[in-house]
Amino acid sequence: MEPDKFIEETLRQVVLTVFEQMYFMFPQEVGMKDASECKGDETYIANVGLKNGGLEVTIAGSAGLCEKIASAMFGEDRELTQKDVEDVFREAANIIMGNLINECAFPGEVSPDIPVARKGMDLEDCKNEHDLNLFFEVENSHFSAHLKGSAASDLTCSEGNFTSPS
């Protein structure tokens with residue numbers, strides 16, 4: 001399988017697995033048109049790259065979905081702050097990147113950098129900044145995963161595992 005297709009399918013499976021195992025939610029993949037209504041303050045964005053460069057994963061979710069995820073982590077009785085929601089969503093990006101690293105079997109010392117999260121970015125703008133965009137509906141809310149850095153140019157794939165280019 002070509003590196004770009006391999007990493008696209010791997011990212012898709014990682015997102016599905018993380019949501020199912022961590023949040024007991026079941027995303028359904030949708031097209032961009034279904035997610036394009038997500039604007040600014042209604043969307044949280046979190047991203048994390050590799051410490052040694054290369055790929056960067058960005059995730060985006062509706063404020064309502066991110067609050068549901070945070071409530072699942074902190075408990076429904078706790079009143080959530082925006083910082084709580086950003087912290088939980090930042091950790092979600094970290095978990096997705098960590099699983100992507102494990103599934104792709106990157107060689108050597110590869111680890112995620114410190115993730116960042118913020119509220120407020122139009123999904124259309126996020127899509128335009130990335131090479132790979134996957135869109136999901138989760139409990140009537142949007143979630144997307146984006147990858148910056150082409151696997152074909154940054155990494156090569158050999159028998160399902162990525163290795164550094166020569």
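Residues numbered from 1 in each chain as written. Predicted model: local features only at pLDDT ≥ 70, side-chain atom pairs only at ≥ 80, totals over all residues. Heavy atoms only, no water.

Caption draft 1: Broad picture of the packing of helix α3 (residues 63–74) against helix α4 (residues 82–104). Interaxial distance between α3 and α4 falls to 9 Å at its minimum, and their mutual angle equals 85°. Comparing the axis directions of α3 and α4 gives the class roughly perpendicular. Note on element contacts: α4 touches α3 through Asp84, Val85, Val88 and Phe89, opposite Cys66, Glu67, Ile69, Ala70, Met73 and Phe74. The residue inventory of the contact of α3 with α4, partitioned by class, reads 8 nonpolar, no polar and 2 charged. (Axes fitted to C-alpha atoms, helices over the stretch in contact; angles between N-to-C directions. Helix = DSSP H or I, 4+ residues; strand = E, 2+ residues; numbered from the N terminus. Parallel < 35°, antiparallel > 145°, perpendicular 65-115°, else oblique. Contact = heavy atoms within 4.5 Å. Nonpolar A, V, L, I, M, F, W, Y, C, P; charged D, E, K, R; others polar.)

Caption draft 2: Representation of the sheet that holds strand β5 (residues 132–138). The 6 strands lie next to each other as β1-β5-β6-β3-β2-β4, forming an open sheet whose pairing is antiparallel. Edge positions in the sheet fall to β1 (28–30) and β4 (116–119), since each of these pairs with one other strand and no more. Neighbour-to-neighbour, the strand axes of the sheet open up by a mean angle of 25°, direction not taken into account. Inspection of the sheet shows β1 paired to β5 by 3 bridges, in the antiparallel sense. From the neighbouring strand, Val30 faces β5, where its bridge partner is Phe135. (Pairing = 2+ DSSP bridges.)

Caption draft 3: Local environment of a nonpolar patch on the surface. A surface patch of nonpolar side chains, about 240 Å² in accessible area, is lined by Met22, Met73 and Phe74. In this structure, Met73 sits in helix α3. (Patch = residues over 30% accessible without salt bridge, like charges linked within 9 Å, V, L, I, M, F, W, Y side chains within 5 Å. Areas by Shrake-Rupley, 256 points an atom, 1.4 Å probe, with all protein chains shown as cover. Salt bridge = Lys/Arg side-chain N within 4 Å of Asp/Glu carboxyl O.)

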